[in-house]
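# Results of the structural survey
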Amino acid sequence: MTMRPFVSTISLEEARRRLSDAIVPIERTEGVRLAEAAGRVASGDVSATIDAPPFARSAMDGYAVIATDSASASRDAPVRLRVVERIYTGQPPAKSITSGECAEIATGAPIPAGANAVVMVEDTAKLGDNEVAVFRQVVAGHNVSGRGTDIAAGSSVIRRDDLLTPSRIGALAAIGRATVDVYARPVVAILSTGNEVIEPGQPLGPGQIFDVNRFTLAAIVAAHGSVAAPHAASEDHLAALTAALDECLAADVIVFSGGSSVGERDLILDAIAARGEMIFHGIAVKPGKPTAFARVSGKPFFGMPGNPTSCLSNAYVLLVPFLRATARLPPFAPHTVRAQLARRVSGAPGRHQFYTVRVTGGMVWPAFKGSGDITSLSQADGYIEIPADQDAVEEGDVVEVTLF
Ligand code: AMP
Ligand code: MG
C-alpha cells in the first residue's frame, strides 16, 4: 500500500469560505398542506385573493350602534336604545339599524347594516329584553374591525424565501389557503465506512463497534431542515466505496464518515478522485482535522472523520451552515452563555479548538474526554472556542459557551 502524506491543513475560515462558495440553494419545489408547512421556506410570493376579515366584525361583545346615537351618553345620563336582534358569530344580521336602535352582538359577529360602532357590554346595562342603557360615547369605527383591515385583497401575505413561521402559516390560513408552495428539503445521503462498523441491534462480533455517526448525522440533518437518506455502511475497499458513492448520487448532499485513518484515507481519496474533485482535505480544527470536502459528480460531498465526537462537532460547525443555506433557511443562531471557567483548558497549537463543556453552578466545566468518545458531546451542554493562536484559557477566565 502506498500512503500519501496528509495534505496540509487549511484554516477554519478558509474551509468556511470554500464551503460557502460551493453552496447551491435548492431549486426544487413542492406543494405542502398548511399543517405540514411549519419550518419550510416559501418558494413563491403569495398575495391575498380575499379580504381578511371578510366582513366588518365586532371586536367586542356588546351592542352595535350608530355612533352619533351615543353622542350624549354618560354614566349619569345613559342613552336608551331599542335592541332589534341578537347577532351571533357565523350568522348574517337580519335587520339593519336605524337611529334609536341597536343589536346585541358577539365578538367576531358581522356588524349589521346601518351600525358603525360597538359599545362594549361593560359600558351598558340591560333594561328588560329589548332595551339597553348605553353609558359611554363611541365614535364611528369603535370596536369594529373593518373588512380587509387585517389583510386587504391583493396585498402580499408572504414572499419567496420567507421562513414559514407559525404566524405566517396563520396569515395563509386567514386568507383561506390550504396549501403553500415551498422549496424541497435537501436530501442528504449518509453513509458510514469501516469494516468494523455494524448496525445497532445486531449482535456485536469481535472487533466490531456499533454505527454511531449515521445516527448523529441523521439527527442533525433532520433538525436543520434536510431529509436524511441513510445508507448501509460500506467496507473499506475501493470498489465498495466507489459503489457506495454511486448509490448516493441521487441525493443533494453526500455525507460519509470514517476512512480518515492512514491507509483508509487513501481509499476515500481514490474514490473521490474517480468521481470528482477535492475542494479541501484537512482543516486546522480540533477535533475534526481529517475532514474532507469535495464535489463528486456535481454533488457536494463531506468526508467526516470516523471518531464520533470529531464527526458530530464538524457537523455542527461546517455541515449545519452548509445545509441550512442549501435549504434556504436562515443561519442557525445558537444560544450562548458567559461564565467563568472552573479549570484551565489548553489550546491546540495551530488549530482552532472546539472544546465541550458543562455549565453547572454558574461555572463552566471541561466535558471533553476524547474525540472518539461520544460522551464528550452527550454529557456536555455546549462548547467554548479557543483560537489557533491561543495557548490556553485560564481558570477563572470568563468564556462564552455556545449551547447545543
Ligand atoms: P476512521 O476515521 O475510519 O479512521 O475512524 C476513526 C475511529 O472512529 C475508529 O476508532 C473507528 O472505529 C471509529 N468510527 C468510524 N466510523 C464510525 C461510526 N460510524 N460510528 C462509530 N465509530 C466509528
Ligand atoms: Mg474507518
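Overview of the structure. Just so we're clear, the structure is a prediction, and the values are computed from it rather than from any experiment.

Definitions and limits used
Residues numbered from 1 in each chain as written. Chains lettered and ligands numbered in written order. Predicted model: local features only at pLDDT ≥ 70, side-chain atom pairs only at ≥ 80, totals over all residues. Heavy atoms only, no water. 1 Å grid on protein atoms, 1.4 Å probe; cavity = no way out; pocket = protein on both sides within 12 Å on 5 of 7 lines; lining within 4 Å. Points joined across faces, edges and corners; volume = space filled by probe spheres on them. Helix = DSSP H or I, 4+ residues; strand = E, 2+ residues; numbered from the N terminus. Nonpolar A, V, L, I, M, F, W, Y, C, P; charged D, E, K, R; others polar. Pairing = 2+ DSSP bridges. Axes fitted to C-alpha atoms, helices over the stretch in contact; angles between N-to-C directions. Contact = heavy atoms within 4.5 Å. Donors = N, O, S within 2.8 Å, 3.2 Å for Na, K, Ca; no water. Salt bridge = Lys/Arg side-chain N within 4 Å of Asp/Glu carboxyl O. Near = heavy atom within 4 Å. Polar contact = N/O pair within 3.5 Å; in protein donor to acceptor, adjacent residues only side chain to side chain. Areas by Shrake-Rupley, 256 points an atom, 1.4 Å probe, with all protein chains shown as cover. Sits in = over half its atoms within 2 Å of the grid points. Parallel < 35°, antiparallel > 145°, perpendicular 65-115°, else oblique. Left-handed = near helix turned anticlockwise from the far one by under 90°.

Below, the discussion takes up empty space enclosed by the protein. The probe, sized like a water molecule, is rolled over the atoms to show the empty space still left. One pass over the structure, following the stated rule, counts two cavities of 30 Å³ or more. Put simply, the largest cavity is a space of about 80 Å³. For the largest cavity, the full set of lining residues is Gly258, Gly259, Ser260, Arg265, Ile268, Leu269, His281, Pro290, Thr291, Ala292, Gly303 and Met304. Within the residue set of the lining of the largest cavity, elements represented by two or more residues are helix H5 (264-275) and strand S21 (299-304). Top element by residues in the lining of the largest cavity is H5. It accounts for three residues. By residue class, the composition of the lining of the largest cavity is five nonpolar, six polar and one charged. Volume-wise, the second largest cavity comes out at about 60 Å³. As for the second largest cavity, its lining consists of Pro287, Thr309, Ser313, Tyr316, Val317, Phe354, Thr356, Phe368, Leu377, Tyr383 and Phe404. If you list the elements that add at least two residues to the lining of the second largest cavity, you get helix H6 (308-326) and strand S24 (352-360). Looking at the lining of the second largest cavity element by element, the count peaks at four residues for H6.

What holds strands together in a sheet is hydrogen bonding between their backbones, with the strands either parallel or antiparallel. Reading across the sheet, the six strands line up as S16-S13-S17-S21-S20-S18 and stay open at both edges, with mixed pairing between neighbours. With partners counted over all chains shown, the strands left at the sheet margins are strand S16 (227-230) and strand S18 (276-281), one partner each. Neighbour-to-neighbour, the strand axes of this sheet turn through a mean angle of 25°, independent of strand direction. When strand S13 (residues 187-192) meets strand S17 (residues 253-257), the two strands line up parallel, connected through five bridges. Its bridge partner lying in S17, Ile190 is registered against Val255. Against the sheet, helix H1 (residues 12-21) engages S18, strand S20 (292-296) and S21, with an angle of about 150° to S18.

With that out of the way, let us pick up the coordination of the magnesium ion (ligand 2). Binding of the magnesium ion (ligand 2) to the protein goes through Glu264 (OE) and Glu264 (OE), at separations of 2.2 to 2.8 Å. Its location among the elements puts Glu264 in helix H5.

Sheet architecture is open: six strands sit in the order S7-S4-S6-S5-S9-S8, paired in mixed fashion. Of all the strands in the sheet, just strand S7 (117-120) and strand S8 (124-126) have a single pairing partner and so form its edges. When the angles between neighbouring strand axes are averaged without regard to direction, this sheet yields 40°. Pairing between strand S4 (residues 62-65) and strand S6 (residues 101-105): three bridges, direction antiparallel. Bridge pairing in S6 links Gly62 to Ile105.

Moving on to the pattern of salt bridges. All chains considered together, the criterion is met by 15 salt bridges. We note a salt bridge from Asp161 to Arg328, for which the minimum N-O separation is 3.5 Å. With a gap of 167 residues between them, Asp161 in the loop between strand S11 (156-158) and helix H2 (166-174) and Arg328 in the loop between H6 and strand S22 (336-341) connect regions that are remote in the sequence. Overlapping salt bridges, with partners in common, bring together Glu14, Arg17 and Arg18 in one network.

All right, on to the site of ligand 1 then. The full set close to ligand 1 counts 18 residues, and Glu196, Asp211, Gly259, Ser260 and Ser261 are the nearest of them. Asn213 is positioned with one of its side-chain polar atoms (N or O) 3.3 Å from a nitrogen atom of ligand 1. At 3.2 Å from an oxygen atom of ligand 1 is found a main-chain nitrogen or oxygen belonging to Asn307. Coverage of ligand 1 by the protein amounts to 82% of the 480 Å² it exposes when considered alone. With respect to the pocket detection grid, ligand 1 is positioned in the second largest pocket. Considered class by class, the residues forming the shell around ligand 1 number five nonpolar, 10 polar and three charged.

A separate point is the packing of helix H3 (residues 213-223) against H6. Put simply, H3 and H6 touch, their axes get as near as 10 Å, and they point 25° apart. On the basis of the axis angle, H3 is roughly parallel to H6. Note that H3 runs across H6; the crossing there is right-handed. Residues Asn213, Thr216, Leu217, Ile220 and Val221 of H3 form the contact with H6, whose participating residues are Pro308, Cys311, Leu312, Ala315, Tyr316, Leu319, Val320 and Leu323. For the contact of H3 with H6, the residue count by class is 11 nonpolar, two polar and no charged.

Shape is all these values report; function is a separate question.
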